[in-house]
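Residue strings, one per chain:
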Amino acid sequence: MLDRLKQLEERYEKLNGLLSDPEVISDNNKLREYSKEQSDISETVQVYREYKDVVEGLKEAKAMLEEKLDPEMYEMVKEELKELTAQDKEYQERLKVLLLPKDPNDDKNVICEIRGAAGGDEAALFAGDLYRMYSRYAEVQGWKTEVIDANSTGVGGYKEIIFMITGKGAYSKLKYENGAHRVQRVPETESGGRIHTSTATVAVLPEAEEVEIEIHEKDVRVDTFASSGPGGQSVNTTMSAVRLTHLPTGVVVSCQDEKSQIKNKDKAMKVLRARVYDKFQQEAQKEYDETRKSAVGTGDRSERIRTYNFPQNRVTDHRIGLTIQKLDQILQGKLDDFIHALIVEEQTRLMSQGE
């Protein structure tokens, strides 16, 4: 571990020099590449340097204890040694986590797709609840949310809603939301007070950049049609809605959120690129090994991952067995307890695999 940390510190210093090199500064691609690499390792290097200070402090404290000290000074040094020993252990654990393999998609924006599944109108209403939950969570994180396409039921629900969340590290936290979410509550239309169970599916895809997934124009069929949702006088009169079909994979994306055909096409292309990128990633992972199935939050998207029980005001994440009696707060976007627990679970699994 120490050898790896030393190499990272040396690389960090080399990157400092490269980022000051006029040739690199004049090359946007290299400047972006080196800046990102330095940003990715900066926290690890900083913590390693702090750890080295603690190790040096331990050596000095141990050396002082071997000297002839008066009782008061001896107790002070002994107490300092105790504190430094605890810090040494904490830093080692933190560095182990920082050295874990990093998901290359973690820093990316995400495209989130929520669909009402089993339960008809109640499932669509729950899909709307989930959309608002993620929107509020994104707002607290300082991220931006933008709807790409939506098929609403008109009463606050969605048969399907696709939206983009833009912000550093969005995928690193939201990737654990992949899967089927189940709700248990009494619908407003239920006169007998019976609890109904409905589900909605959530898919979180990392935004794919053009350099990562090349989609040739000849491989995409573009169809235009009249919008069928909200949009004022232009609805059903202008061919502003766009449907893109990626012929090699069969992936289809529609967008009619904007009144402009060009804007709809741009939005649809972002979703198409993300879906094709995700498809290739999953196929490659499946061929390589079964890690995806065992990883928390990145397994089968039909898997039921969480239950939201309204009568008991509780939410349970079935992957880690965590139940929180704050459903009302969670639906307001307070997801940190679940997301933090899922991250810790994933880190623990990765560390145990490396032992």
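See the structure shown above.
Residues numbered from 1 in each chain as written. Predicted model: local features only at pLDDT ≥ 70, side-chain atom pairs only at ≥ 80, totals over all residues. Heavy atoms only, no water.

Caption draft 1: Local environment of the sheet that holds strand E2 (residues 144-152). Spatial ordering of the open sheet is given by E2-E3-E1-E5-E4-E9-E10-E11, a layout of eight strands whose pairing is mixed. Bordering the open sheet on either side are E2 and strand E11 (322-324), each of which pairs with just one other strand. Direction aside, the axes of adjacent strands within the sheet are offset by 15° on average. Alignment of strand E4 (residues 179-185) against strand E9 (residues 304-309), held across five bridges, turns out to be parallel. Bridging from a neighbouring strand, Gln-184 pairs with Asn-309 of E9. (Pairing = 2+ DSSP bridges. Helix = DSSP H or I, 4+ residues; strand = E, 2+ residues; numbered from the N terminus. Axes fitted to C-alpha atoms, helices over the stretch in contact; angles between N-to-C directions.)

Caption draft 2: Summary view of the side chain of Asp-106. Topologically, Asp-106 is positioned in the loop between helix H4 (71-98) and strand E1 (110-116). In this structure the side chain of Asp-106 is engaged in a polar contact, spanning 2.9 Å, whose partner is the side chain of Lys-175. Look past the residues within four positions of Asp-106 in its chain and what remains in contact with it is Gly-169, Ala-170, Tyr-171, Ser-172 and Lys-175. (Polar contact = N/O pair within 3.5 Å; in protein donor to acceptor, adjacent residues only side chain to side chain. Contact = heavy atoms within 4.5 Å.)

Caption draft 3: Structural view of the pairing of strand E3 (residues 158-166). Note that E1 and E3 share six bridges and pair antiparallel. Bridging across to E3, Val-110 finds its partner in Ile-165. The pairing of E2 with E3 spans eight bridges and is classified as antiparallel. Bridge pairing in E3 links Thr-145 to Ile-165. The hairpin turn running from E2 into E3, its antiparallel successor, is five residues long, and Gly-154 in that turn takes a positive phi close to 90°.

Caption draft 4: Molecular detail of the pattern of salt bridges. Under the criterion given, the structure shown has 22 salt bridges. Between Arg-185 and Asp-129 there is a salt bridge; the shortest N-O distance is 2.9 Å. Of this pair, Arg-185 sits in strand E4 while Asp-129 sits in helix H5 (residues 121-141), and the two are 56 residues apart along the sequence. A single burial state applies to Arg-185 and to Asp-129, both of which are buried. Taking the shortest distance from any N to any O, the salt bridge between Lys-218 and Asp-219 comes out at 3.5 Å. A relative accessible area of 67% places Lys-218 in the exposed class. On the basis of relative accessibility, which here comes to 16%, the residue Asp-219 falls in the buried class. Each of Glu-9, Glu-13, Arg-49 and Lys-52 takes part in salt bridges that share partners, so that together they form one network. (Salt bridge = Lys/Arg side-chain N within 4 Å of Asp/Glu carboxyl O. Buried < 20%, exposed > 50% of the residue type's maximum accessible area, 1.4 Å probe, protein only.)

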